[in-house]
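What follows is each chain in one-letter form.
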Amino acid sequence: NLSYEQLAGVCHYNEKSLRLHCRHYAKIFLRECGRIRQLSLPLLVARLIEYKSTALLNTNIPALRVLEHSHITAMIGAYPCSNEEKQVALILCDHFYGNASQAAI
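One structure accompanies this document, and this report is about it.

What counts, and where the lines are drawn
- Residues numbered from 1 in each chain as written.
- Predicted model: local features only at pLDDT ≥ 70, side-chain atom pairs only at ≥ 80, totals over all residues.
- Heavy atoms only, no water.
- Salt bridge = Lys/Arg side-chain N within 4 Å of Asp/Glu carboxyl O.
- Helix = DSSP H or I, 4+ residues; strand = E, 2+ residues; numbered from the N terminus.
- Buried < 20%, exposed > 50% of the residue type's maximum accessible area, 1.4 Å probe, protein only.
- Axes fitted to C-alpha atoms, helices over the stretch in contact; angles between N-to-C directions.
- Parallel < 35°, antiparallel > 145°, perpendicular 65-115°, else oblique.
- Contact = heavy atoms within 4.5 Å.
- Nonpolar A, V, L, I, M, F, W, Y, C, P; charged D, E, K, R; others polar.
- Polar contact = N/O pair within 3.5 Å; in protein donor to acceptor, adjacent residues only side chain to side chain.
- Core = buried A, V, L, I, M, F, W, Y, C linked by side-chain atoms within 4.5 Å.

**Quick look at the pattern of salt bridges**
- Taken as a whole, this structure holds five salt bridges when the rule is applied.
- A salt bridge links E5 to R19, with the shortest nitrogen-to-oxygen separation between them at 3.4 Å. With E5 in helix 1 (residues 4–11) and R19 in helix 2 (residues 15–37), this residue pair connects regions lying 14 residues apart in the sequence.
- Look at R19 and you get partly exposed, because its relative accessible area is 32%.

**A closer look at the packing of helix 2 against helix 3 (residues 41–53)**
- At their nearest, the axes of helix 2 and helix 3 sit 10 Å apart, and the two run at 130° to each other. Considering their axes alone, helix 2 and helix 3 lie oblique with respect to each other. Side by side, helix 2 and helix 3 meet where E32, R35 and I36 of the first sit next to L44, R47 and Y51 of the second.
- Considering only residue class, the contact of helix 2 with helix 3 consists of three nonpolar, no polar and three charged.

**Concerning the environment of R47**
- By secondary structure assignment, the location of R47 is in helix 3.
- When the C-alpha atoms of R47 and R65 are compared, they prove to be 15 Å apart, with 18 residues separating the residues in sequence.
- For R47, the contacting residues outside a window of four places in its chain are E32, R35 and L39.
- Within polar-contact distance, the side chain of R47 engages the side chain of Y51 at 2.4 Å.

**Here we look at the nonpolar core**
- Core analysis: the largest hydrophobic core is formed by 10 residues, namely L41, V45, I49, L64, L67, I72, I76, A89, C93 and Y97.
- For I49, the contacting residues outside a window of four places in its chain are L92, C93 and F96.

Here it is, written out as C-alpha cells:
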C-alpha cells in the first residue's frame, strides 16, 4: 500500500530504480501467468504439489500452509476439463499428497 516515494525511504533504494525493478518483475509475473494458463490440469496439479513441497514457499504463503488433500481434490473436481485429465490429476494428487506422504509435505 506504499507509494514508490514511501518505498524508497523504507527500502533505502532509489525511487527510479524501484519503478524499473517493479516493471521488470511485473513482466516476469505476467509471462509466468500466461505460461501457467496454458498448462493442462495434471500439469497444474503437479506445479501446485511442487510449490506445496517447497519449504520456503510453503512457509511464506499462508494459502499453501493450510492447503489440504481434500482442497486439491475439490479443485480438481470443479475444474472444467475432461474426465481423463481429472483422473490423471487425482492420481498425481493421491501419489504425492495422499495419506502416505502427507506428513512429508
